[in-house]
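Inside the fold
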Amino acid sequence: MTNIESFHISYNARHLKPEDVAQTFISNSDYKELVQDNHTVLLGARGCGKTTLMKMLTLPALYSWKDELAEEFRQKISFYAVYISTDIYWNAQKDSYNEQLKSMPKYALAVSKVAVTTNVLYALCETFENILKYKIENNDISQEIELSKTLIEGWSLPPTIPNIAMVKESLLRRADLLNRHIQKTIFNCVDDSEVKLENDFFFIDYDPVIINAISAFERIYKITNNPRWALCFDELELAPIWLQDRLFNSLRSRTQKILYKLSASPILSISDNISASPNNDLKLVKMWPHGKRDKYQEFSEAILKSLLFKKFNRDIEPELIFGSNPLFRKDHEKKDYEEGGETWKQIIDLAKDDPDLRKLLQGHHINPKNPQVGVENRRKLDTVLRKIKPIVYFRNYYSTYDIKSKNRKARSRKASTLFYGKEVIYRICDGNPRWLIGIVEAILTKCNNNRIQKISDASQAMVLKNIADQFYNVIKTIPGAVFQTKHKMYTLSGILKEVGDTFFNEIVIDKFQRDPHSTFTIDKGLNPSIIKILEKGAYQGAIILIDPAENSFDFEMRGKRFRLSYLLSPLFKIPLRKYAAIPLSKCLTGKEIIMSPQKTVTGTRKSVLTNQTELPFNFKK
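Here goes a summary of the coordinates provided.

What counts and how
Residues numbered from 1 in each chain as written. Predicted model: local features only at pLDDT ≥ 70, side-chain atom pairs only at ≥ 80, totals over all residues. Heavy atoms only, no water. Helix = DSSP H or I, 4+ residues; strand = E, 2+ residues; numbered from the N terminus. Buried < 20%, exposed > 50% of the residue type's maximum accessible area, 1.4 Å probe, protein only. Areas by Shrake-Rupley, 256 points an atom, 1.4 Å probe, with all protein chains shown as cover. Pairing = 2+ DSSP bridges. Axes fitted to C-alpha atoms, helices over the stretch in contact; angles between N-to-C directions. Core = buried A, V, L, I, M, F, W, Y, C linked by side-chain atoms within 4.5 Å. Contact = heavy atoms within 4.5 Å. Salt bridge = Lys/Arg side-chain N within 4 Å of Asp/Glu carboxyl O. 1 Å grid on protein atoms, 1.4 Å probe; cavity = no way out; pocket = protein on both sides within 12 Å on 5 of 7 lines; lining within 4 Å. Points joined across faces, edges and corners; volume = space filled by probe spheres on them. Nonpolar A, V, L, I, M, F, W, Y, C, P; charged D, E, K, R; others polar.

1. A word on the overall build of the protein
Along its length, the protein carries 23 helices and 13 strands. In the protein, which comprises 621 residues, the proportion classed as buried is 54%. Carbon and sulfur atoms form 48% of the exposed surface of the protein, whose accessible area is close to 28,700 Å².

2. Quick word on the sheet that holds strand β10 (residues 517–521)
Here four strands make up an open sheet; going across it, the order is β11-β12-β10-β13 and the pairing mixed. Only two strands of the sheet have a single neighbouring strand rather than two, namely β11 (543–546) and β13 (580–583). Ignoring which end each strand starts from, the neighbouring axes of this sheet average 45° apart. Where β11 lies against strand β12 (residues 561–564), four bridges are found, and the strand directions are antiparallel. Paired with Leu-545 across the strands is Phe-562, a residue of β12.

3. A short note on the nonpolar core
Among the nonpolar cores identified, the biggest contains 198 residues, and Tyr-31, Trp-155 and Phe-233 are the most heavily contacted of them. It is helix α7 (residues 105–134) that contributes the most residues to this core, 16 residues altogether. Discounting chain neighbours no more than four positions away, the residues touching Phe-233 are Met-54, Ile-84, Trp-90, Val-120, Tyr-206, Leu-243, Leu-247, Lys-261, Leu-262 and Ser-263.

4. A word on unusual backbone geometry
One non-glycine residue, Glu-235, lies in positive phi territory at about 55°. Within the secondary structure, Glu-235 sits in the loop between β3 (228–234) and α11 (241–250). Residue Glu-235 is classed as buried on the basis of its relative accessible area of 11%. The phi torsion at His-365 lies on the positive side, around 60°, for a residue other than glycine. Here His-365 shows up in the loop between α16 (355–363) and α17 (379–398). When its relative accessible area of 69% is taken as the criterion, His-365 is described as exposed.

5. Here's the deal with the side chain of Lys-389
Checked against the element boundaries, Lys-389 lands in helix α17. Taking the relative accessible area as the measure of exposure, Lys-389 reaches 3% and is therefore buried. Excluding residues within four positions of it along the chain, Lys-389 makes contact with Pro-326, Leu-327, Asp-336, Tyr-337 and Thr-343.

6. Considering the sheet that holds strand β1 (residues 40–43)
Across the sheet, which stays open at both edges, the five strands sit in the order β2-β3-β4-β1-β5 with parallel pairing between neighbours. This sheet does not close on itself; its edge strands, each paired only once, are β2 (79–85) and β5 (283–286). Averaged over all pairs of adjacent strands, the angle between their axes in this sheet comes to 15°, without regard to strand direction. Note that β1 and strand β4 (residues 258–264) share four bridges and pair parallel. What sits directly across from Leu-42, in β4, is Ser-263. Running over the sheet, α7 touches β2 and β3 and is turned about 140° from β2. Taken strand by strand, α11 contacts β1, β3 and β4, and its axis lies near 130° from that of β4.

7. Observations concerning the pattern of salt bridges
Evaluated as defined, the whole model comprises 26 salt bridges. When the shortest N-O distance is used, the salt bridge between Glu-146 and Arg-219 registers 3.1 Å. Here the residue Glu-146 occupies a position in helix α8 (residues 141–154), and Arg-219 occupies one in helix α10 (residues 206–220), the gap between them amounting to 73 residues. On the basis of relative accessible area, Glu-146 is assigned to the partly exposed category, the value being 37%. With its nearest N and O atoms 3.4 Å apart, the salt bridge here joins Asp-207 to Arg-246. Taken together, the positions of Asp-207 in helix α10 and Arg-246 in helix α11 put the pair 39 residues apart, joining distant regions of the chain.

8. Notes on empty space enclosed by the protein
If you walk through the whole model with that rule in mind, you get two cavities of 30 Å³ or more. Taken as a whole, the largest cavity encloses approximately 150 Å³ of empty space. Among the elements that line the lining of the largest cavity, the one with the most residues is β11, at three residues. Looking at the lining of the largest cavity residue by residue, the classes come out as 13 nonpolar, two polar and two charged. Space inside the second largest cavity adds up to approximately 60 Å³. Counting only elements with at least two residues in the lining of the second largest cavity, the list comes to β10 and β12. Among the residues making up the lining of the second largest cavity, the classes are represented as five nonpolar, four polar and three charged.

Below is the structure:
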């Protein structure tokens, strides 16, 4: 498996221990928000680094982190983090028991809750062990015995050797016992009315028992500074709906003892009537570039430098290896637009053959044969020349002029040398460290015998094109991202291609425009089945939400503005830049795209259950 093929999975922090995550961790502004002493919700696409940040709250990660900032953060974090990785098997109605438990929905819900509670208690035990290892000196074995006896009794575990390791082992056996119970129930019962819950663990709710366990731990180990404890639920988009609802409603905390650190997809499918509100009850951290365009540039550069140091064993400026792209280069920018400058030449070259560009320039009193702007017209440098610069470069590169047909025709599948340079690498990753690491390491394989010299523009462009292809192929395999009508099959990859082709035609092929479309809005009446496909695209990072709600959750895609992931730009041959927005329906073909008003749904739903102690049915015990 090549680096390109594997980079989507190789750097997934989900599979790494916190100590390993810390070895390469570089903090950013999102981490500074997360470590605050408040409820926090991380929102971001898959691979954007949510899991890394959550694991960096744990003691093993903090004490393995060798960065110069590590001690500062160790002192700053005032809570004990309990990291809980969401398990897709928590949702009994969606896993392998789906068909068998269809006639027993209440039992399936109870099973899901036992699975969640067991995992939470196991994670709490791990946190206890970490505190004893990193924070408490000279702890007595009798203290661990006393704590373990309390846990065994409080959590209705069978008698076992009273130490934390054996308590964890008992919890694992409980998970096995639960699986056996499911098998017996499926074999013996037809519906919920026949289900028997003879085990106490069906009636244990994680909320009160962890409070009791924490209280016992602090008493036994004489922890008197009254610390807070953070339940860190990661990847909640994989969790059952009842848990999502419950956790987001818990953000209006009932106890000051417990904090919640939650991570989820950018577009939340939870109920939009949760009582907690951003800024008042919680801090929202949206992990993608929005508002501040260069939000992740410093972070990306730090990662890139660390990778170069690892490769060459010395500090190296990224520009020495990757160069600088003229579309983004800011130094000497003024000369670019002056006579003899690169952009000045590009505009003249295109204007020779493009009457629309000539007309546009002349309309702004700019000479197409010498497109300089004088001191008295410096405003036009921003409003005209800088704005059209990427369009000019792309039209010059991708188009040839057919004198006979008077049409432009795109060049073949040749990789564009427009996609190279450090600025492109920073921007194309959208702040996603997993993508950045994969791309940089793939490009660095082009180094000749590890010599410190610039890697050719064409080599960089080819790697980026290959990775765009790979990402697109990954998108094609996303389960459930398909909608079949009488006339057409809609897939996520197909929708993205139609959108990308629309943008390419406007930017490169059609009449020259100063502000073509390169973003899209979701129509209010868009078919709900297509919305579901697009939600999967947002989770995978294939489409990026622009201008998200400043201080609130984004529950609904309709009416929102998106762009394609810049990672796909080399594939669709479009600039890494936001232009005007177009309704998505105008990019797509098909008869069932827009629903009639009476068939349009809002996409909101009611909470399934917010309190586990309120079981909605009477099990036989």
